[in-house]
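Breakdown of the fold
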Amino acid sequence: MDTKLIQYAQIYDVPTVCKICGGVLVYRGLGEYRCEKCRGKDYDNYGKTRNYIEKNPGASAVDIEKNTGVSKVAIREMLKESRFEIVEGAKSFLRCEGCGREIRSGRYCQACENDIHLTIERQQREKLRENMQGFALEKSGEKGQRRFVRDK
């Protein structure tokens, strides 16, 4: 099985079987799942966290963990995925994985993210330039040579 899928299932604790009737749960969006048989609801870690934050804006990770059962590790991972954002003025924060600057969500600050994207663009342009052939680009051994010979 794909390691990213396994990691996703561990972080989000995705429910698959209805606790009420044992039916199959179907994803409905925003971390909510519904049973095909009894229409019962269940939530993954994202849904539990989201619902708690909607009712308790500005709650800390400790409060969320205590009241929902979602681990701080899972909450931190959701913050890194930019699913949530740390409120302005909070004492806790994340650090940019590039420069160490304080950030409220994601993995990188805006400056590091821009640098990453510019680097990727530059690499892609270089790859394209290497793979291009034609009249405008000089390749060694092609200067002044005919490319096509007409049959008479």
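Preceding this paragraph is the structure being described.
About the cut-offs
Residues numbered from 1 in each chain as written. Predicted model: local features only at pLDDT ≥ 70, side-chain atom pairs only at ≥ 80, totals over all residues. Heavy atoms only, no water. Pairing = 2+ DSSP bridges. Helix = DSSP H or I, 4+ residues; strand = E, 2+ residues; numbered from the N terminus. Axes fitted to C-alpha atoms, helices over the stretch in contact; angles between N-to-C directions. Patch = residues over 30% accessible without salt bridge, like charges linked within 9 Å, V, L, I, M, F, W, Y side chains within 5 Å. Areas by Shrake-Rupley, 256 points an atom, 1.4 Å probe, with all protein chains shown as cover. Salt bridge = Lys/Arg side-chain N within 4 Å of Asp/Glu carboxyl O. Buried < 20%, exposed > 50% of the residue type's maximum accessible area, 1.4 Å probe, protein only. Parallel < 35°, antiparallel > 145°, perpendicular 65-115°, else oblique. Left-handed = near helix turned anticlockwise from the far one by under 90°. Contact = heavy atoms within 4.5 Å.

Some details on the sheet that holds strand 3 (residues 41-43)
Reading across from one edge, 1-2-3 is the order of the 3 strands in this open sheet, with antiparallel pairing throughout. The strands lining the two open edges of the sheet, one partner per strand, are strand 1 (25-29) and strand 3. Taking each pair of neighbouring strands and ignoring which way they run, the sheet shows an average axis angle of 35°. In the sheet, strand 1 pairs with strand 2 (residues 32-35) via 4 bridges, with the strands oriented antiparallel. For Tyr-27, the partnering residue across the bridge sits in strand 2 and is Tyr-33.

What about a nonpolar patch on the surface?
A grouping of Tyr-108, Ile-116 and Ile-120 is seen on the molecular surface, where their side chains present a nonpolar patch of about 230 Å² in accessible area. Relative to the elements of secondary structure, Ile-116 occurs in helix 5 (residues 110-131). Judged by relative accessible area, Ile-116 falls into the partly exposed class, the value being 32%.

Things to note about the packing of helix 2 (residues 45-55) against helix 3 (residues 61-68)
Close contact between helix 2 and helix 3 brings their axes to 10 Å; oriented N to C, the two are set at 115°. The orientation of helix 2 with respect to helix 3, classified from their angle, is roughly perpendicular. As for the relative orientation of helix 2 and helix 3, their crossing is right-handed in sense. Within the contact between the two elements, helix 2 uses Lys-48, Thr-49, Tyr-52 and Ile-53 and helix 3 uses Asp-63, Ile-64, Asn-67 and Thr-68.

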